[in-house]
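Take a look at the letters that make up each chain.
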Amino acid sequence: PLKEEVTGNMLEWCLPGDMNLEGVEFKAMASGSHRVSSDFIYFRKGGYFGLACFANMAVDSVVERGARMKSVGILSTSYTLLYRYMSFLEHQVRLQLKTPGQYSPLEAFFEDKRSVLPPDGESVVTACPGSAWGAALNHCMHPEMKITHPAGCMSQFIQFFGEQIMVLWKLALLRRRILIFSPPPVGVVCYRVYCCCCLANVSIPGVGVAVPEFRPFFYVNVADIDTLDTELSYVACTTEKIFEEKRDLYDVYVDNQNVRTTRESLKPLLRLSAADREKYRKLTEQRQMLLYSQEENGDCVSSEEDHFILFFLEQNNRIFQTLSEVAGRPEPILTQESVRAMGLDPHGDRLFLLHLLETYGYDSLLVTEHPCCS
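Residues numbered from 1 in each chain as written. Predicted model: local features only at pLDDT ≥ 70, side-chain atom pairs only at ≥ 80, totals over all residues. Heavy atoms only, no water.

An unreviewed UniProt entry lists the chain under the name DENN domain-containing protein 11, with Oncorhynchus mykiss as the source organism.

Listed below in structure tokens is the structure:
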């Protein structure tokens, strides 16, 4: 567990006890958390992903300045299944606030999950966020490889950003560095980081092998500045306003629903094209049809989240399938017809297309000035 004292955040307890957890006390407890009563937070620690639950309780204690704040977390090599343990962490952090020092449930949880870890020791967890560092989780303990997510996070993402989703989609597909700012609570913002990653999925073999991997960093703070400075592609969130001034660290800065950039080459991409608006119309239309079907027929098989992910996966596959077909022709020229076949606007998406060709290394393709994207 983590706790906040007069001297600042400190690691109170962890398993295994010999892990290098330097800095995790600031990842598991977001800056500004003292303003909220509870929160959750996803983060990265080295090669691991963490989930921590935070809680704040008023106490009659001068030493604790009238408030006891703790965070309990876990680390894993994969982030996609961490949310399954959120209720456990929420319960444990409340327990730690009321009866500090009771670590036996955390020890039992760690022992239970440790049994599935590989014997090489490399997958042993580096403490997770917040107060209780306990469970060493590993993706191998779950046979399913399907990306999973908490119910409702995609629909909230759509409702929050609206048409701006199409701008974020293009920037994610171009593997740009995206930083999302928001004051606490930060949990829902971590979900937005995850949703941004889902915009860039491609399932065509070989596509994207030469481009930087678009992985989530989730919550970051000033201690991550040196790490982010070396990253070519990422999406992350922060509660620290100072990042806005660190323009070399990001390509795109998202403040509330305001998506902006200081990169002149990217500014035109912040404007919606006709094709963007049409895609968003289709997305919302299909979403409404799905919700109606669920309400009328009790259809619980088709989830809104799966539909959201599939919508952008199919759109991305459509683009790269067309690019591959054109690249294989004797005269690899992108015409207006081929651009429309990708679901793009020959005029409004010209710059996006040129960025895409450069990012993914389609050097042999030519974009015609007049018939295609003038």
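Asks: Pulling in residues and values, what's your account of the pairing of strand β5 (residues 48-58)?
Replies: With nine of 11 residues buried, β5 is to be regarded as a mostly interior element. A loop of two residues connects strand β4 (residues 38-45) with β5, the two strands running antiparallel in sequence, and Gly 46 in this loop sits at a positive phi of about 60°. Looking at chain direction, β5 and strand β6 (residues 67-76) are connected through 10 bridges and run antiparallel. Bridge pairing in β6 places Ala 52 opposite Gly 73. (Buried < 20%, exposed > 50% of the residue type's maximum accessible area, 1.4 Å probe, protein only. Helix = DSSP H or I, 4+ residues; strand = E, 2+ residues; numbered from the N terminus. Pairing = 2+ DSSP bridges.)

Asks: Got a sec to walk through the pattern of salt bridges? Specific residues and values, please.
Replies: Applying the stated criterion to the full structure yields 15 salt bridges. Lys 70 is the salt-bridge partner of Glu 12, the closest N and O atoms lying 2.5 Å from each other. A residue pair is termed long-range when its members are at least 10 positions apart, and Glu 12 in the loop between β2 (8-11) and β3 (13-14) and Lys 70 in strand β6 qualify at 58 residues. Overall, Lys 70 belongs to the buried group, its relative accessible area being 3%. In this structure, Asp 251 and Arg 177 form a salt bridge, with 3.1 Å as the shortest nitrogen-oxygen distance. Residue Asp 251 is found in the loop between β10 (234-238) and β11 (252-255), and its partner Arg 177 is found in strand β8 (residues 177-181); the two are separated by 74 residues along the sequence. Note on Asp 251: relative accessible area 10%, which makes it buried. Linked by salt bridges that have partners in common, Lys 241, Glu 244, Asp 255 and Arg 260 make up one network. (Salt bridge = Lys/Arg side-chain N within 4 Å of Asp/Glu carboxyl O.)

Asks: Quick one: what's the story with the packing of helix α4 (residues 153-161) against helix α6 (residues 187-198), residue by residue and with numbers?
Replies: At a minimum axis distance of 9 Å, the contact between α4 and α6 shows a crossing angle of 90°. With respect to α6, the element α4 is oriented roughly perpendicular. Facing Cys 153, Met 154, Gln 156, Phe 157, Phe 160 and Phe 161 of α4, the residues of α6 in contact are Val 188, Tyr 191, Arg 192, Tyr 194, Cys 195, Cys 196 and Cys 198. Of the residues that constitute the contact of α4 with α6, the class distribution is 11 nonpolar, one polar and one charged. (Axes fitted to C-alpha atoms, helices over the stretch in contact; angles between N-to-C directions. Parallel < 35°, antiparallel > 145°, perpendicular 65-115°, else oblique. Contact = heavy atoms within 4.5 Å. Nonpolar A, V, L, I, M, F, W, Y, C, P; charged D, E, K, R; others polar.)

Asks: Go over the side chain of Asn 316 with me, naming the residues and quoting the values.
Replies: With respect to the helices and strands, Asn 316 occurs in helix α9 (residues 304-327). Given the relative accessible area of 0%, Asn 316 is considered buried. Among all residues touching Asn 316, those that are not within four sequence positions of it are Trp 169, Leu 173, Leu 199, Ala 200, Asn 201 and Val 202.

Asks: Give me the lowdown on the state of the cysteines, citing residues and values where you can.
Replies: Taken as a whole and judged by the stated rule, the model has zero disulfides. You can see Cys 195 has no disulfide; the closest cysteine sulfur is in Cys 153, sitting 4.1 Å from it. Given the relative accessible area of 0%, Cys 195 is considered buried. Counting only cysteine sulfurs, Cys 198 is the nearest neighbor of Cys 197, a cysteine outside any disulfide, at a range of 6.9 Å. Given a relative accessible area of 8%, Cys 197 falls into the buried group. (Disulfide = S-S within 2.5 Å.)

Asks: Go over the confidence of the model for the chain, please, and point to the residues and values.
Replies: With 83% of its residues at a pLDDT of 70 or more, the chain has an overall mean of 83. Counting contacts from residues 115-148, a segment whose pLDDT is below 50, to residues more than four positions away or on other chains yields 134 contacts. (pLDDT = per-residue confidence, 0-100.)

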